[in-house]
Amino acid sequence: MSCRRLIVVLCGLIASIPEFSLGQSPHRRFEYKYSFKSPYLAQKDNQVPFWTYSGNAIASSESLRITPSLRSQKGQAWCKQPTSFEWWEVEIVFRINGRGRVGADGLAFWFTTAHGVEGPVFGSSDKWNGLGIFFDSFDNDNKRNNPYVMAMINDGTKAYDHENDGMSQLLGGCLRDFRNKPHPVRAKIEYYKHVLTLMVHNGLTAGDKDYEICTRVEGVHLPTSGYFGLSAATGGLADDHDVLKFLVSSLRSPDELAAAASTDKEQEEQYQREFQQYQEKTQRARDEYVAANPDARKQHVDEDDEYEAADIRELRQIFTGQSQIYDAMRQLNAKMDEIIGRQERTLSLVGAVHSGLAVAGGGVPLPTGGAAPPPPAVGGASPISRFEVDSLINTQRDIAQTAKDVKNMVVDISQKSTQLLNKAGQPVGSAQPVGGAYDMHVTLKELNEGLNHIKHTLSAPGGQQQRGGVVEACPSCLSTWLFVGVALSQLICIIGYMMYRDNRDAQAKKFY
Ligand SMILES: [Ca+2]
Ligand SMILES: [Ca+2]
């Protein structure tokens, strides 16, 4: 039951919030002339626009370091011009980091009628007139209630009670740890319709909206115009006090906005008229200048080229680079053509020298130097080209090879013939060498004569007896068996010769 009641109460609260805020919601306008923020917080000359800083404060592009983490440092920063609006909201994004578990002394936000000077209250002067909000790191009164965030109003008469951490002069505050946080700590100070609201973001998350209310005080009366400021101090202990952003917005109620709208409209129309007059005046002056200086137009066009966009410039650079590469390649190509031409001329010259040596048998001086000289006239004959020389050499090589083949063939035939002759001559032992050829007719004639002689001897035994009166006995050398043997041997010889001749004819047909 208690849980349900709690939900009902919470729902009622949530429902009441929009009504409250709709009724009170002011109109906000960011006031850049009272603000600074990272990046580009400080300019090249280390100045922070619309602000001034002094003491040990250091400005960089990322932060305004009110004090570095060194002992006994004091720094201040003040907005140069006072506010021109009655209600305002300031958001401060800062880091307070130090090595120790405890730091000192703290950071102060100021809204006062005058710039502070270096002093005892967190680096600034005491007895100020206006509002001071202190992020007090060090527990001076040893009540274990620091770090503490507190607001204090002074009318220029009160001295800050350091010994008690200002607790006796406290307007409002809360116990918050703002040192060594993973994300920047944020504080939002709103002064609207005499209500001072202080909200703190503990720096544990990166979200912009994670604010918790620290204190809210009604019936606060601050000066209608004042200076925003920051200060910090270190003592025996030290922290870096870095402010990353200081964002000021002016607050206006809807009624004030409506009242201001009419005056704003009149002012806007006046600005518009002034702007148009100024534009016409500028245009007239420009036309007169162009009429007086016709050459200036070209110069103006050149000026436009200087402000080309980054991507166009990149494209142009790529195009230029590629053009240069193309030119270089074209030059290389021309060089290659030249080298090939020189080589061809040199080859033709060498061919001419060879042919000159062949024709005239005399030496021709070789050219020296890079340039190819004209081909020399050799004996009035036209120079022979390289192709013709190659052709001649190839033909000669072919002829030599053919001659070698023919020689090998002849040797082979000779060897085979010798072998055949040896084989054919072995049985009778009367074979003739290849060089001395038998005449068949002679052989046949001899054979015929031999046979006739034998026949004649056999057919005339009476004649011998008649002539000599004595019949001689038949000689023992011419027996019948001897005759048959001689006839057979002669027959074998003839057959062998004929076989040899046929074989030779066949060999001859094979090669030709
Ligand atoms: Ca303190
Ligand atoms: Ca304390």
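Residues numbered from 1 in each chain as written. Chains lettered and ligands numbered in written order. Predicted model: local features only at pLDDT ≥ 70, side-chain atom pairs only at ≥ 80, totals over all residues.

- If you check an unreviewed UniProt entry, the chain appears there as Protein ERGIC-53 isoform X3 from Hyalella azteca.
- The UniProt entry for the chain carries the following text under Subcellular location (unreviewed entry): "Endoplasmic reticulum-Golgi intermediate compartment membrane". (UniProt positions renumbered as here; feature names shortened; annotations may be inferred.)

## Let's talk about the overall build of the chain
Next up, step 1: For the chain, the helix and strand inventory stands at 8 helices and 17 strands.
Next up, step 2: Counting contacts in the chain only where the partners sit at least 6 residues apart, residues at least 24 apart contribute 63% of the total. (Helix = DSSP H or I, 4+ residues; strand = E, 2+ residues; numbered from the N terminus. Contact = placed C-beta atoms within 7 Å.)

## Points about the confidence of the model for the chain
Next up, step 1: A residue-level look at the chain finds 77% of positions with pLDDT of 70 or above and a mean pLDDT of 82.
Next up, step 2: The model gives residues 362–381 a pLDDT under 50, and that stretch makes 24 contacts with residues more than four places away or in other chains.
Next up, step 3: Predicted confidence is poor over residues 427–437, with pLDDT under 50, and the contacts of this stretch with residues over four places away or in other chains come to 13 contacts. (pLDDT = per-residue confidence, 0-100.)

## A word on the pairing of strand S10 (residues 129–136)
Next up, step 1: Among the 8 residues that make up S10, 7 are buried, leaving the element largely enclosed by the rest of the structure.
Next up, step 2: Of the strand pairs in this sheet, S10 and strand S11 (residues 148–155) are connected by 8 bridges, and their pairing is antiparallel. When the sheet's bridge partners are listed, Phe 134 is paired in S11 with Met 150. (Buried ≥ 20, exposed ≤ 12 C-beta atoms within 10 Å, placed from the backbone. Pairing = 2+ DSSP bridges.)

## Remarks on helix H2 (residues 254–292)
Next up, step 1: With 39 residues, H2 extends 54 Å from end C-alpha to end C-alpha; this agrees with the ideal 57 Å at 1.5 Å per step.
Next up, step 2: Counting buried residues along H2, only 0 of its 39 residues qualify, which leaves the element largely exposed. (Expected span 1.5 Å × (residues − 1).)

## A few points about the pairing of strand S14 (residues 195–201)
Next up, step 1: Judged from the 7 bridges that link them, strand S13 (residues 185–192) and S14 form a sheet pairing that is antiparallel. Note on S14: the bridge partner recorded for Lys 188 is Met 199.
Next up, step 2: The antiparallel pairing of S13 with S14 creates a hairpin that spans 2 residues between the two strands, and Lys 193 there sits at a positive phi of about 55 degrees.
Next up, step 3: Where S14 meets strand S15 (residues 212–218), 6 bridges bridge the pair, whose relative direction is antiparallel. For Val 195, the partnering residue across the bridge sits in S15 and is Glu 218.

## Some remarks on the sheet that holds strand S12 (residues 172–175)
Next up, step 1: Pairing is antiparallel across the open sheet formed by 7 strands, whose spatial order is S3-S6-S16-S8-S10-S11-S12. Two strands in the sheet have a free side with no partner beyond their single neighbour: strand S3 (51–55) and S12. Adjacent strand axes in the sheet meet at a mean angle of 15 degrees when their direction is disregarded. (Axes fitted to C-alpha atoms, helices over the stretch in contact; angles between N-to-C directions.)

## Some words on unusual backbone geometry
Next up, step 1: Geometrically, the link from Ala 104 to Asp 105 is a cis peptide bond, its omega value of -20 degrees lying close to zero.
Next up, step 2: With respect to the element layout, Asp 105 can be found in the loop between strand S7 (87–97) and strand S8 (106–112).
Next up, step 3: Omega for the bond connecting Asn 146 with Pro 147 falls within 30 degrees of zero, at 0 degrees, which places this linkage in the cis form.
Next up, step 4: Within the element layout of this structure, Pro 147 appears in the loop between S10 and S11.

## A short note on the nonpolar core
Next up, step 1: By size, the foremost hydrophobic cluster in this structure holds 56 residues, and its most contacted members are Leu 64 and Ala 108.
Next up, step 2: With 7 residues, the single largest contributor to this core is S7.
Next up, step 3: Those residues in contact with Leu 64, other than ones at most four positions away along the chain, are Phe 36, Leu 41, Val 48, Tyr 53, Ala 57, Ala 59, Ala 77 and Val 243. (Core = buried A, V, L, I, M, F, W, Y, C linked by C-beta atoms within 7 Å.)

## Quick notes on the environment of Gly 173
Next up, step 1: Structurally, the position occupied by Gly 173 is in strand S12.
Next up, step 2: Residue classification places Gly 173 among the buried residues on the basis of 22 C-beta atoms within 10 Å.
Next up, step 3: Between the C-alpha atoms of Gly 173 and Thr 215, which are 42 residues apart in sequence, the distance is 5.5 Å.

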